[in-house]
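Chain and residue survey
If you want the building blocks of each chain, they are given just below.
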Amino acid sequence: MVVTKVEFSQYLLSLLIPSVFCFTGEISLYCDPSSCVDNTYFDAYLLQCTDCDKSKNLEPTEDRLSCTCNAQSKILNLDGGQFPECEPCPESEMPTTDKLNCLPCSTRIKKDNDTAVCTKCGSQEITVERDYNGTLKDAIKCQNCTLGSIPSSDGRFCVPCLISNCSCPGTHELLEGWCVPINELSNWPDDRNSYVIEFETGEKIDSYFIRRYLRISVYLCKMKNQTACQMVANMCALVMFRDDYVGSPCKLFQDSKHIPTSDSPQLPLPWLYYGEGDAQTVLSRKKITTKYSMDTSSKNKMLNLTVVRFAPDGHFKKISSATGSFLQLCPGSWTSLNSGLRFGSRYHHSCTLPASQLVQLRETEFLDLYVQYWEGGESRLYAVPVLALDLKVGGRSTNKDSDRSQWQLTRRFFLIDKIGGVKSATDKSKGKVEDVPYVIRYLKSCTLRVKIQEREEEGRIYPPLLVLKYGEITQEDIESDTHVSLTFSVEYEMDNSLSHAIEVSMGVLSALAVVWSGIETWSCSRRSGRVGIDLVTLGQLIVFSCGNLANVFFFVVACASIHTFTFYKGQSVIQILLPAQKQDDLVKSYIISAFSLKIVEVIHLIWRQISIDIFFIDWERPRARSSVIRPRSQLNASDTSEQPISIWRTYFVANEWNEIQTTRKVSLMFQLVVTVFILKVLGVENWAVADPELHTTQPEYMKNSSPSLICQFAVGVMVYLLVYFLQWTFMVSIYERYIKNVIHEFVDICSMANISVFILALENYGFYIHGRSAHGFADTDMQTMLGQLQREEEDLCGHRGLLPGSDQQTFQMAIPLQLRSYYRKVMAPINSVMLPTKRLSMAGAGGLRTKVMSGNMDRSIQAYHNMNKFLAAFLEHALKDLDYDVREKMFVESLLDIEFTEVFDKGILYSDNGHSFDNVLFYGNECTLATFDIFLFSFVAVLFHDFLLAAIVTAFFAKILVIIRRVGGRNNLAKKTLIDERFLV
């Protein structure tokens, strides 16, 4: 757009806004132009209403942003200074439109106060006060514009029109109609380098805006014109506050890099810079006296921000509330933030927009941000410092350093720059200017950091810090509709010991975990018959350490997160805040580490369980056929042969064992379904919103913000543990006691089947289930079986226990080396006669199963009988050189799960709690499996912020573990018990 000289002259006159330099510091009384009444105007520098001097014939303008000569006075002297010098017109005359002369009116009317004014011209008329040569007419007249022209905005001309250039003496320079002394602009030479904006991409643009307005604005600012000074300040913001080159707009502010004081230079310079190296001091001030609260009923629950807005030409636009929607370029608004930001709530809003949409969202304007608060019944404004990450000092991006002493804090900023990147005319003689900016700079990331003072201050804050990062797009990006990412966030922080507490707790408990792992390794080595330290021992130490450290990591971060969540949501006086992103990352890393270490423990658990040695001891003895109850027609007195022992009892017990291998104490599916129902359906997951209140539906202003990682982790863990505790309590106290206990039922089945179970979990350590029938036999008919049960109920037979008169059927075993050697010797030839073959058609679908080759069947059967006789003889104390004792464990042994007694020639059977053998089943490792489930659930929830996905993934991997354990356990059972796998259903 080409601007005529008349319009530009009018603009220059508009720059002559009266200005008074006075101290403006960090704190100002709050007011706006609407607050000014009577003969006052709003001083955009002081941000307060100031009187126009009536004695100098001044009065406020209609917008109350400046003072001008009153309706009866003319401008006597116009030198670009603070205010025009006015002189009353004679009684019979009125000032001209430009207020430079006085003339009589051709037509006068009287108002109610008897003041005579000129008749207003019509809409198509202009006020004529001079001849074409500039000579004043004898009176003010109205004249119609010719066809094709209309009155100018001030009603003085029919535009377009031209005005002759002024002539200046040799000591002055002509700048847009102003004669400027050459020595006034020595630091701003008319050179291309003075007008260049260097962008982050390396692009250097000769800016039309700066080329046209820089030098004249600097001169008028030196003449104490506030609007011109504001315009220079805007240019300084456009060049990212660089003052390290000749001609920089920021050169004007070199001596003003400090908080304004009463000793500041007598120029109305806007406050742009804080002192170099003063960042730490500035951000540690305690001048904001309001005590904020997180109580929903408190009047101080909102953090109110106010922004002073300036047009690119330096004119003051307005003062308005700076809501969350105002300080970002993402479209839409957060309705709940229109009255301020909820104190203590951590906001985060990000979006991705096409470049063509981005450039249409906002017009370019320049902003100064303040915190509005109340003190002594008065509303006050506290200046918010700005940390522009793109600012460079000496070519270095010092604001990106963590060292605050290197920061250069500033005041003014913008959201989008669509004027600085407009290139100046390449051919000045033709006056051509490109209207479209070649480069557009936009606010890519905006973060408001609010630090709360120490706890004894009860809710007072340090000065907030606005951290800005700008991005750039070119016309090529706009044409290709490149997508750009935008982010706005509000972060609260206060000095807390969360990280320190986590680190100390981790150090102490991790040391204890490693010590306990060493004890477990020592116990395992003793049970395995290893005396020295070898690679296997070191490997076991690592595995045990992984499991224990995983528990420590998860326990510590879970406690810290639940503590933070509980106090953050429940406090009214601020004692704790949600931790910063760095601490969130610390918690996340511990969760990931805990899950990774737990995987090692679970793999070791499954491998240990599918590699145990197990054998079913059949106590049934052959009986003569005549002793077997049969129908009378089948009786034969001469039949004295033995009745064969049925194998089906062994198969039945084996199948029961195979079935309970993957049985859990609780139902994982029930656990996950109820957990997801509480979190998703009842809306408890919305408690994780980074807001001081508890919500069951996500607040409108948080819908684009991800939940707090620590709150989400805490909520997930609390709900999961609550459901698990209730389910576990029900299973243990009611279901297993009164309805069904699969472990006790298995022991009963062994007794009914006259089958004992001999288990070696380690080389010299295992478990024994004494299933020998108190009746001496179990291979009988239903009537006899029921009669046996009746006799047991009436206490008419012996007890089921291993020892006479005892009911103790389950034991832990520490066996001598001779027993293990014989066991290995008997089983050795069996492993060489196994090969994979296809399953029989009678068993259903195909698949590889283990089958004994017919040529080696006799060897397998013989090995089975030898093992059965040997173990039965050992348990009956029938072996001369191999025996055992039955005893109780000492308290310390039971507590630490360690056997201190050395085993040489005699084994030891320790009476247990009735189900110690479940250590080789999922049932007895519920703690390990439950922690794995919650670790996996939390791991997925923290990474993907989705509890439903976490439940699905947890259920899937739990099913995988069950399948692996079931298949491996079945193969191992068939191999170690010498039972054909085809009979394991």
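Our structure's up above, just so we're on the same page.
Please read all numbers here as calculations on a predicted model, not as lab measurements.

Next up on the list: the packing of helix H18 (residues 926–944) against helix H19 (residues 947–977). In the contact formed by H18 and H19, the axes pass within 8 Å of each other and the chain directions differ by 140°. The element H18 and its partner H19 pack so that their crossing is right-handed. Of the residues in H19, those touching H18 at Phe 932, Asp 933, Leu 936, Phe 937, Val 940, Ala 941 and Phe 944 are Phe 947, Leu 949, Ala 950, Ala 951, Val 953, Thr 954, Phe 957, Ala 958 and Leu 961. A per-class count over the contact of H18 with H19 returns 14 nonpolar, one polar and one charged.

What follows deals with the packing of aromatic side chains. Scanning the model with the defined rule gives 30 aromatic pairs in all. Residues Tyr 822 and Phe 870 carry aromatic rings whose centres are separated by 3.9 Å and whose planes lie at 40° to one another, so their mutual orientation is tilted. With Tyr 822 in helix H15 (residues 817–831) and Phe 870 in helix H16 (residues 857–875), this pair connects stretches of sequence that are 48 residues apart. A relative accessible area of 10% means that Phe 870 is categorised as buried. Ring geometry for Phe 937 and Phe 947: centres 5.9 Å apart, planes at 15°, overall stacked. On the criterion of sequence distance, the pair formed by Phe 937 in helix H18 and Phe 947 in helix H19 is long-range, its members being ten residues apart. Among the residues examined, Phe 947 registers a relative accessible area of 2% and is labelled buried. Three or more aromatic residues joined by ring pairs form one cluster here, namely Phe 42, Phe 310 and Phe 316. Here the guanidinium or amino end of Lys 257 rests over the ring plane of Tyr 273, the centre of that ring lying 4.8 Å away.

Evaluated as defined, the whole model comprises seven disulfides. Between Cys 236 and Cys 250 runs a disulfide, and the two sulfur atoms are separated by 1.9 Å. Taking the torsion about the S-S bond as the criterion, the Cys 236 to Cys 250 disulfide, at about 110°, is right-handed. You can see Cys 236 sitting in helix H3 (residues 226–238) and its partner Cys 250 sitting in the loop between H3 and helix H4 (279–282), a full 14 residues away along the chain. Judged by its relative accessible area of 0%, Cys 236 falls in the buried class. With relative accessibility at 0%, the residue Cys 250 sits in the buried group. The residue that forms a disulfide with Cys 330 is Cys 351, at a sulfur-sulfur distance of 2.0 Å. Across the disulfide from Cys 330 to Cys 351, rotation about the S-S bond amounts to roughly -100°, and the bridge is consequently left-handed. Placement of the pair is Cys 330 in the loop between strand E21 (316–321) and strand E22 (341–342) and Cys 351 in strand E23 (residues 347–354), with a sequence separation of 21 residues. The same class applies to Cys 330 as to Cys 351, namely buried.

There is a patch of nonpolar side chains on the surface, built from Trp 522, Met 890, Phe 891, Val 892, Leu 895 and Phe 900 and spanning about 650 Å² of accessible area. Tracing the backbone shows Leu 895 in helix H17 (residues 891–896). When its relative accessible area of 57% is taken as the criterion, Leu 895 is described as exposed.

In this structure, Leu 303 and Phe 413 are the most contacted members of the largest nonpolar core, which totals 158 residues. No other element matches the twelve residues that helix H8 (residues 535–570) contributes to this core. Ile 743, Leu 762, Val 920 and Leu 984 belong to the second largest nonpolar core, which has 32 residues in total.

Cut-off values and rules
Residues numbered from 1 in each chain as written. Predicted model: local features only at pLDDT ≥ 70, side-chain atom pairs only at ≥ 80, totals over all residues. Heavy atoms only, no water. Axes fitted to C-alpha atoms, helices over the stretch in contact; angles between N-to-C directions. Helix = DSSP H or I, 4+ residues; strand = E, 2+ residues; numbered from the N terminus. Left-handed = near helix turned anticlockwise from the far one by under 90°. Contact = heavy atoms within 4.5 Å. Nonpolar A, V, L, I, M, F, W, Y, C, P; charged D, E, K, R; others polar. Phe/Tyr/Trp six-rings, centres within 6.5 Å; stacked < 30°, edge-to-face > 60°. Buried < 20%, exposed > 50% of the residue type's maximum accessible area, 1.4 Å probe, protein only. Lys NZ or Arg CZ within 6 Å of the ring centre and 35° of its normal. Disulfide = S-S within 2.5 Å. Patch = residues over 30% accessible without salt bridge, like charges linked within 9 Å, V, L, I, M, F, W, Y side chains within 5 Å. Areas by Shrake-Rupley, 256 points an atom, 1.4 Å probe, with all protein chains shown as cover. Salt bridge = Lys/Arg side-chain N within 4 Å of Asp/Glu carboxyl O. Core = buried A, V, L, I, M, F, W, Y, C linked by side-chain atoms within 4.5 Å.

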